[in-house]
Amino acid sequence: MQSDNWFLYEVFIRSKNGMAHKHAGSVHAQDAETAILSARDLYTRRGEASSLWIIRSKDIIASDPAESGELYDPADDKIYRHPTFYSVPDGVKNM
Amino acid sequence: MYSTDLRTDAEKRRAQKADAKRSVEDAAFLDAFQARIDAGDIIEAKDIMPEGYRKTLVRQISQHAHSEIVGMLPEGNWVTRAPTLRRKLILLAKIQDEAGHGLYLYSAAETLGRSRDDMVADLLSGKAKYSTIFTYPTPTWADMGTIGWLVDGAAITNQIPLCRCSFGPYARAMVRVCKEESFHQRQGYEIVTTLAQGTPEQKQMAQESLDRIWWPSLMMFGPPDGASAHSSQNMKWKIKRHSNDELRQRFIDTTVPQAEFLGLKIPDPDLKWNEERGRYDFGDIDWSEMWAVIKGGGICGKARIRARKAAHKEGEWVRAAAAAYAQKRNSEKAA
């Protein structure tokens, strides 16, 4: 019964042109072609997609949540990057 | 929707080391985790979590997945005998959805580090549990209606709060499932409506089906709060948002008027509207029936697992063909 050698693929769906692909879930498959077909059957039974992307799950490189602190804190003290940091004189419009 | 266990080998090693050092999960660790939950944080697959949280989720999500998969069988019983082509197409679409729900859920459980193969093996060996409701037989066509109306209705009542479960992959799977379940419930109610408004024989068939499935569907919410083994810790971890009894009451309150509309009688002599509570009072549930099903497998328990085993065996050549095809394609590419 073993199918441990099946690959796990992550599935991304573009719901319609003009939108970005969004992660939908994963499928097991032996090859990319059948992974696309399985993803079609599993995630687009109600016309959810105009385009599908799949990628081997093991090929995704993800950041480590334990390092989120160091990774993202350089942005934390740069509040001047946000428009709300600046005061706009009363009476000035369209800014 | 879920993302898999994307931890790198280094991260897994580090987590193992940390686990070993924390051979007993100390109070500080558990408190810090609880504080995240209390603050409304969503836990994702790569996050550090207590072993108990991980285990509870693997058990719950895999049981949920098994229930979806086994849940195809009582309905599969009627595919070849659906009364019209329209009903047959709808039934097939619903059954296909259940397979999909099973797969979403296996994927969500896999993010916690258990492989789908292992989970399926547990189902086939009888080690894993699934919802007791699917061990009941479906002797008449009316059961296809009642199952959609009551069983999917109860499932929706259970699953809507799970969309806000503290574990992200499970919650996202539930959002998708809930969207699809709504069709299931409506098609079931439509079948029951047609029968209830049909000939006296048809109406009787609908009533008898309701009589059979009413109590087992109330048992789907699990034992009463006082007797539920995992309930309070799961509420604390926000895996569960409402108690079994609260969800059961909600289901009864929404379903009784739907039965009244059809002129069908809920088989509970003690059922009556409680003006003061603004909810229905209902009779005692015979829990010995549920425990007997859990222990003994129920009327169709053995047949369900036999059917799953046969399906798995008969699908062997498909898996072999898929592997051979992939291999051939790869060698063609290499050449």
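Quick caveat: nothing in here was measured; it's all calculated off a predicted structure.

Procedures and definitions
Residues numbered from 1 in each chain as written. Chains lettered and ligands numbered in written order. Predicted model: local features only at pLDDT ≥ 70, side-chain atom pairs only at ≥ 80, totals over all residues. Heavy atoms only, no water. Helix = DSSP H or I, 4+ residues; strand = E, 2+ residues; numbered from the N terminus. Buried < 20%, exposed > 50% of the residue type's maximum accessible area, 1.4 Å probe, protein only. Contact = heavy atoms within 4.5 Å. Areas by Shrake-Rupley, 256 points an atom, 1.4 Å probe, with all protein chains shown as cover. Rg over C-alpha atoms; globule rule 2.2 N^0.38 Å. Buried area = accessible area lost by both parts, 1.4 Å probe. Salt bridge = Lys/Arg side-chain N within 4 Å of Asp/Glu carboxyl O. Polar contact = N/O pair within 3.5 Å; in protein donor to acceptor, adjacent residues only side chain to side chain. Nonpolar A, V, L, I, M, F, W, Y, C, P; charged D, E, K, R; others polar. Pairing = 2+ DSSP bridges. Axes fitted to C-alpha atoms, helices over the stretch in contact; angles between N-to-C directions. Patch = residues over 30% accessible without salt bridge, like charges linked within 9 Å, V, L, I, M, F, W, Y side chains within 5 Å. Core = buried A, V, L, I, M, F, W, Y, C linked by side-chain atoms within 4.5 Å.

Novice: So what exactly am I meant to see when it comes to the overall build of chain A here?
Specialist: Counting its regular elements, chain A contains two helices and three strands. A principal-axis box enclosing the C-alpha atoms of chain A has dimensions of 70 × 35 × 15 Å. Taking all 95 residues of chain A together, 25% fall into the buried category. Expressed as a percentage of contacts within chain A between residues at least 6 apart in sequence, the contacts between residues at least 24 apart total 43%. With an accessible surface of roughly 6600 Å², chain A has 56% of that area assigned to carbon and sulfur atoms.

Novice: Just checking my understanding: could you explain the overall build of chain B for this structure?
Specialist: The secondary structure content of chain B amounts to 14 helices and two strands. Taken over C-alpha atoms, the radius of gyration comes to 22 Å for chain B, in line with the 20 Å a tight globule of 335 residues would show. With the C-alpha coordinates of chain B rotated into their principal frame, the extents come out at 70 × 60 × 35 Å. Every one of the 335 residues in chain B was classed for burial, and the buried ones make up 51%.

Novice: For this particular structure, what's the right way to read the interface of chain A and chain B?
Specialist: How big an interface is tends to be reported as the loss of accessible area on association of its parts. Listed by partner, the interface residues are 29 residues for chain A and 32 residues for chain B. Buried area between chain A and chain B, both sides added, is near 2600 Å², and the carbon and sulfur share of it is 50%. Joining chain A to chain B, the criterion identifies six salt bridges. The interface formed by chain A and chain B contains 12 residue pairs in polar contact (both at pLDDT 80 or more). Where the side of chain A that touches chain B is concerned, the elements lending two or more residues are strand S1 (7-14), strand S2 (22-29) and helix H1 (32-43) of chain A. Of the residues contributing to the side of chain A that touches chain B, the split by class is 10 nonpolar, 10 polar and nine charged.

Novice: Which parts of the structure should I look at to understand unusual backbone geometry?
Specialist: Negative phi characterises most residues that are not glycine, and trans characterises most peptide bonds. Here Asn94 of chain A, not a glycine, exhibits a phi torsion of approximately 55 degrees, which is positive. On the secondary structure map, Asn94 of chain A appears in the segment after helix H2 (68-72). One non-glycine residue, Lys238 of chain B, adopts positive backbone phi at about 60 degrees. In this fold, Lys238 of chain B is placed in the loop between helix H10 (231-236) and helix H11 (244-262).

Novice: Teacher, can you tell me more about the sheet that holds S1 of chain A here?
Specialist: Hydrogen bonds between backbone groups are what pair the strands of a sheet, and the pairing can be parallel or antiparallel. All names here are of chain A. Spatially, the three strands line up as an open sheet ordered S2-S1-S3, and their pairing is antiparallel. With one partner strand each, in any of the chains shown, S2 and strand S3 (51-56) form the two edges of the open sheet. With direction set aside, neighbouring strand axes in the sheet form an average angle of 30 degrees. Pairing of S1 with S3, which is carried by six bridges, proceeds in the antiparallel orientation. Of the residues in S3, the one forming a bridge with Val11 is Ile54.

Novice: Is there a simple way to explain the pattern of salt bridges in this structure?
Specialist: Between side chains of opposite charge, a pair can form as their charged atoms come close. Applying the stated rule across the entire model yields 26 salt bridges over all chains. The partner of Arg46 of chain A in a salt bridge is Glu180 of chain B, with the nearest N and O atoms 3.3 Å apart. One end of the pair, Arg46 of chain A, is in the loop between H1 and S3; the other, Glu180 of chain B, is in helix H8 (residues 168-196), on a second chain. Residue classification places Glu180 of chain B among the buried residues on the basis of a relative accessible area of 4%. Among the salt bridges present, the one from Asp143 of chain B reaches Arg212 of chain B, with a minimum N-O distance of 2.8 Å. Taken as a pair, Asp143 of chain B in helix H7 (residues 142-162) and Arg212 of chain B in helix H9 (residues 200-219) lie far apart in primary sequence, 69 residues in all.

Novice: I tried to follow a nonpolar patch on the surface on my own but got confused; where do I start?
Specialist: On the surface, Ile79, Tyr80, Phe85 and Tyr86 of chain A cluster together into a nonpolar patch covering about 440 Å² of accessible area. Tracing the sequence through the fold places Ile79 of chain A in the segment after H2.

Novice: Sorry if this is basic, but what is going on with the nonpolar core here?
Specialist: When a protein is soluble and globular, its nonpolar side chains tend to lie buried together. One finds Tyr53, Ile61, Phe167, Tyr170 and Trp214 of chain B to be the most contacted residues of the largest nonpolar core, which totals 86 residues. Leaving out residues up to four positions away in the same chain, Tyr170 of chain B has contacts with Leu57, Gln60, Ile61, His64, Leu105, Ala108, Leu162 and Cys165 of chain B.

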